[in-house]
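Residue strings, one per chain:
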Amino acid sequence: MDKAQKKRRAIQAGFAAITNSNVYGLVSGSIYRGKLKALCVPGLNCYSCPASVASCPMGALQAVLSNAGYYFSFYVYGYLIIAGMLFGRLVCGFLCPFGLLQELLHKAPARQKPKEAPKYMKFLRSIKYFVLAFAIILPIAIPNAAGGGQPWFCKLICPAGTLQAGIPLLILNSALRKAAGFLFSWKLAILAATLILSTATFRPFCKYACPLGAIYAMLNKVSLYSYSIDGSLCTNCMECSRICPMQANIRQNPNSAECIRCGACKDACKTKAISSGYRR
Amino acid sequence: MKPLANSSRKAIQAVLLATGILFAGIGVMRGEAGIILRKAVYICLECIGIG
């Protein structure tokens, strides 16, 4: 791993540690109850994790939409637009603990790691936009008896919640252990599939299913932080596109919706034609 | 995909940033931060696969 990737890994680990710094919760099996929880972190980070000190934007969005009479969350959409405009998918590459975990698992030896994008990749990548629609529409569309809704994405899909909150809380709390049933097994299966798949494919949840990644992907093209290619230096060797772990065609579109700004292309470019920052 | 012209890009950036700030402000005034806080300080049973 070169210097730039080591620096990125340090930022990923540091940010995950800061946003999950409630060590007391990990010992006691309780969660942090301070006012910081009114704020969101940019990445997927369950607010029911005993260590978490802030809220997950997807959980926060569904919490508001699940409230009777709230069909639109100005607060969370506003926050996501600001984060997306400032960073784009740099959030995925640098500030998401669940993305970091998938990357670490991808380092594990596997029999075969596919390098080329299969023909069905475009369809698979579009799944995350359907998951986003599912997370936004269902809390409003399926009201309960009190007129509110439920956080369906958290309830049925989110593997980060199972890993960060479900597993530690069930280990530390016998009452919760007794209450766990089919739903927990279902979520555990999704988590297991995601983690196993991560050993063969780079960040499969981010590529195919993350609704937060879908929002940042839509803003990647216009975010203030951007990549650019100096045409006078580029030799069209296509090494940037070949090396990209997200299989984005960087040469064609340096601000692709799939680019998580990991910087692998910049490191691979022999003529240093790719640059990034807030300059443009 | 065709890249955006620099002027269009800057205009879109300004509009989106202003929209984000406006939305966040409206959200705070509507009490959405309080809704999130009230939800997040208790264990979310749905999130952990129980509710």
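About the criteria used
Residues numbered from 1 in each chain as written. Chains lettered and ligands numbered in written order. Predicted model: local features only at pLDDT ≥ 70, side-chain atom pairs only at ≥ 80, totals over all residues. Heavy atoms only, no water. Phe/Tyr/Trp six-rings, centres within 6.5 Å; stacked < 30°, edge-to-face > 60°. Helix = DSSP H or I, 4+ residues; strand = E, 2+ residues; numbered from the N terminus. Buried < 20%, exposed > 50% of the residue type's maximum accessible area, 1.4 Å probe, protein only. Lys NZ or Arg CZ within 6 Å of the ring centre and 35° of its normal. Disulfide = S-S within 2.5 Å. Salt bridge = Lys/Arg side-chain N within 4 Å of Asp/Glu carboxyl O. Contact = heavy atoms within 4.5 Å. Buried area = accessible area lost by both parts, 1.4 Å probe. Polar contact = N/O pair within 3.5 Å; in protein donor to acceptor, adjacent residues only side chain to side chain. Nonpolar A, V, L, I, M, F, W, Y, C, P; charged D, E, K, R; others polar. Expected span 1.5 Å × (residues − 1). Patch = residues over 30% accessible without salt bridge, like charges linked within 9 Å, V, L, I, M, F, W, Y side chains within 5 Å. Areas by Shrake-Rupley, 256 points an atom, 1.4 Å probe, with all protein chains shown as cover.

Caption draft 1: Examining the packing of aromatic side chains more closely. Summed over all chains, the structure comprises seven aromatic pairs over all chains. Ring centres of Y225 of chain A and Y278 of chain A lie 5.4 Å apart, and the angle between their planes is 70 degrees; this geometry places the pair in the edge-to-face category. Residue Y225 of chain A is located in the loop between α13 (211-220) and β1 (226-229), and its partner Y278 of chain A is located in the segment after β2 (274-277); the two are separated by 53 residues in the primary sequence. Of the residues examined, Y278 of chain A reaches a relative accessible area of 45% and is grouped as partly exposed. Ring-pair connections join several aromatic residues into one group, and the members of that group are F72, F74 and Y77 of chain A together with F23 of chain B. Over the ring of Y227 of chain A we find R261 of chain A, and its NZ or CZ is 4.8 Å from the ring centre.

Caption draft 2: Examining the state of the cysteines more closely. Enumeration over the complete set of coordinates arrives at one disulfide over all chains. Here C44 of chain B engages in a disulfide with C47 of chain B; their sulfurs sit 2.3 Å apart. Residues C44 of chain B and C47 of chain B are joined through a disulfide that is right-handed, its torsion about the S-S bond being 75 degrees. Owing to a relative accessible area of 2%, C44 of chain B belongs among the buried residues under this scheme. Taking relative accessible area as the criterion, C47 of chain B reaches 3% and is therefore assigned buried. Of the cysteine sulfurs around C49 of chain A, a residue in no disulfide, the closest is that of C46 of chain A, at 7.0 Å. Note on C206 of chain A: no disulfide assigned, nearest cysteine sulfur contributed by C96 of chain A at a separation of 5.9 Å.

Caption draft 3: Expanded view of the pattern of salt bridges. Residue and element names in this part refer to chain A. By the definition in use, this model includes nine salt bridges over all chains. E258 is the partner of R89 in a salt bridge, and the nearest nitrogen-oxygen pair spans 3.8 Å. You can see R89 sitting in the loop between α4 (74-87) and α5 (90-94) and its partner E258 sitting in the loop between α14 (239-243) and α15 (264-268), a full 169 residues away along the chain. The exposure classification of R89 matches that of E258, with both residues buried. Here E239 makes a salt bridge to R242, at a shortest N to O gap of 3.4 Å. With E239 and R242 both in helix α14, this residue pair falls three residues apart, about one helical turn. Accessibility expressed as a relative area gives 54% for R242, which makes it exposed. What you see here is one network of salt bridges that share partners, running through R8, R9, E103 and R203.

Caption draft 4: Inspection of the interface of chain A and chain B at higher detail. If you look at the interface, chain A gives 51 residues, while chain B gives 36 residues. The largest contributions to the chain A side of the interface with chain B come from F74, Y75 and K221 of chain A, which together make up 17% of the buried area. Our enumeration of links across chain A and chain B arrives at zero salt bridges. Counting across the chain A and chain B interface gives 16 residue pairs in polar contact (both at pLDDT 80 or more). Elements with a contribution of two residues or more to the side of chain A that touches chain B: α3 (57-65), α4, α8 (152-156), α9 (159-172), α10 (174-179) and α11 (182-200) of chain A. Ranked by residues supplied to the side of chain A that touches chain B, first place goes to α4 of chain A with nine residues. In terms of residue class, the side of chain A that touches chain B is built from 31 nonpolar, 13 polar and seven charged.

Caption draft 5: Layout of helix α1 (residues 6-29) of chain B. With 24 residues, α1 of chain B should cover 34 Å at 1.5 Å per step; its first-to-last C-alpha distance of 35 Å lies within 8% of that length. Downstream of α1 of chain B by one or two residues, G31 of chain B has phi in the positive range, about 85 degrees.

Caption draft 6: Seen up close, the environment of G148 of chain A. All names here are of chain A. Among the structural elements, G148 can be located in the loop between α7 (121-141) and α8. Accessibility expressed as a relative area gives 9% for G148, which makes it buried. Between the alpha carbons of G148 and N67 there is a distance of 4.9 Å; along the sequence they are 81 residues apart. Ignoring any residue separated from it by four or fewer positions in sequence, one finds G148 in contact with S66, A68, I142 and P143.

Caption draft 7: Just a nonpolar patch on the surface, in detail. Judged by side-chain polarity, V23, L26 and V27 of chain A come together as a nonpolar surface patch covering roughly 290 Å² of accessible area. Among the structural elements, V23 of chain A can be located in helix α2 (residues 23-28).

Caption draft 8: Local environment of the environment of Y47 of chain A. Residues and elements named next belong to chain A. Within the secondary structure, Y47 is located in the loop between α2 and α3. It is 8.6 Å that separates the C-alpha atoms of Y47 and A60, two residues lying 13 residues apart in sequence. A polar atom in the side chain of Y47 sits 3.4 Å from the backbone oxygen of G59.

Caption draft 9: Representation of the environment of C56 of chain A. Residue and element names in this part refer to chain A. Within the secondary structure, C56 is located in the loop between α2 and α3. A relative accessible area of 6% places C56 in the buried class. Expressed as a C-alpha distance, the spacing of C56 and L39, which sit 17 residues apart in the sequence, is 8.6 Å.

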